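Listed here are the chains, written in short residue letters.
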Amino acid sequence: MGTSLQVAPVSMIPDMVQCDHRVLFNREPVMKIRSGQDIFLPGDCDDHVQELCSILGWKDDLEKENAKVQIDDSNNKKKAESED
């Protein structure tokens, strides 16, 4: 899902997945899409994950987990809240 799948060694990960069906959420196809076996959903990964979670009834869980993470815009680092 997402990130820069064009740079090795990360670019090799999709082809290492041993399963019958794969779904790629990315802005552009970066792996060989097998006809009838793989699904490519172009666009923003976060948008697709939010939509999928909503369809599966996990929207509240996703929002709860997202609320645990804060973005520090001054240095663009994620800080996890210390709630365990």
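Parameters at a glance
Residues numbered from 1 in each chain as written. Predicted model: local features only at pLDDT ≥ 70, side-chain atom pairs only at ≥ 80, totals over all residues. Heavy atoms only, no water. Helix = DSSP H or I, 4+ residues; strand = E, 2+ residues; numbered from the N terminus. Buried < 20%, exposed > 50% of the residue type's maximum accessible area, 1.4 Å probe, protein only. Contact = heavy atoms within 4.5 Å. Areas by Shrake-Rupley, 256 points an atom, 1.4 Å probe, with all protein chains shown as cover. Salt bridge = Lys/Arg side-chain N within 4 Å of Asp/Glu carboxyl O. Polar contact = N/O pair within 3.5 Å; in protein donor to acceptor, adjacent residues only side chain to side chain. Patch = residues over 30% accessible without salt bridge, like charges linked within 9 Å, V, L, I, M, F, W, Y side chains within 5 Å. Arc of directions from axis to C-beta.

S.K.: So what exactly am I meant to see when it comes to the overall build of the protein chain here?
M.R.: In terms of helices and strands, the protein chain carries three helices and four strands. Ordering the α and β elements of the protein chain from the N terminus gives α-β-β-α-α-β-β. Taking all 84 residues of the protein chain together, 18% fall into the buried category. Residue pairs at least 24 apart in sequence account for 12% of intrachain contacts in the protein chain once pairs closer than 6 positions are excluded. For the protein chain, the accessible area works out to roughly 6800 Å², and carbon and sulfur atoms hold 52% of it.

S.K.: Sorry if this is basic, but what is going on with the pattern of salt bridges here?
M.R.: Close approach of charged atoms allows side chains with opposite charge to pair. According to the stated counting rule, one finds four salt bridges in the structure shown. Notably, a salt bridge pairs aspartate 44 with arginine 27, separated by 3.1 Å at the nearest N-O pair. Taken as a pair, aspartate 44 in the loop between strand S2 (38-42) and helix H2 (45-55) and arginine 27 in the loop between strand S1 (22-26) and S2 lie far apart in primary sequence, 17 residues in all. Note that glutamate 65 and lysine 68 form a salt bridge whose closest N and O atoms lie 3.3 Å from each other.

S.K.: Sorry if this is basic, but what is going on with the side chain of aspartate 38 here?
M.R.: Inspection of the secondary structure puts aspartate 38 in strand S2. Judged by its relative accessible area of 10%, aspartate 38 falls in the buried class. At 2.8 Å, the side chain of aspartate 38 forms a polar contact with the side chain of arginine 22. For aspartate 38, the side chain forms a polar contact with the main-chain nitrogen of arginine 34, separated by 2.8 Å. Apart from residues lying up to four places away in sequence, aspartate 38 is in contact with His21, Arg22, Met31, Lys32 and Ile33.

S.K.: Quick question: what am I supposed to make of a nonpolar patch on the surface here?
M.R.: Residues Val10, Met12, Ile13, Met16 and Val17 make up a contiguous nonpolar surface patch of about 440 Å² in total accessible area. Isoleucine 13 sits in the partly exposed class, given a relative accessible area of 44%.

S.K.: It is not clear to me how H2 should be interpreted in this structure. Could you clarify?
M.R.: Helical geometry note: an α-helix holds 3.6 residues per turn, so side chains three or four residues apart project in the same direction. Burial in H2 covers these residues: Cys45, His48 and Cys53. Here the buried residues of H2 occupy an arc of 130° about the axis, which is enough to place them on one side. With respect to the buried face of H2, the exposed residues turned more than 90 degrees away are Asp46 and Ile55. In this structure, the buried side of H2 is in contact with S1, S2 and helix H3 (59-67). Put simply, aspartate 44 is the residue that caps the front of H2, since its side-chain oxygen is 3.2 Å from the backbone nitrogen of aspartate 46. Looking one or two residues past H2, glycine 57 carries a phi angle of roughly 80°, positive in sign.

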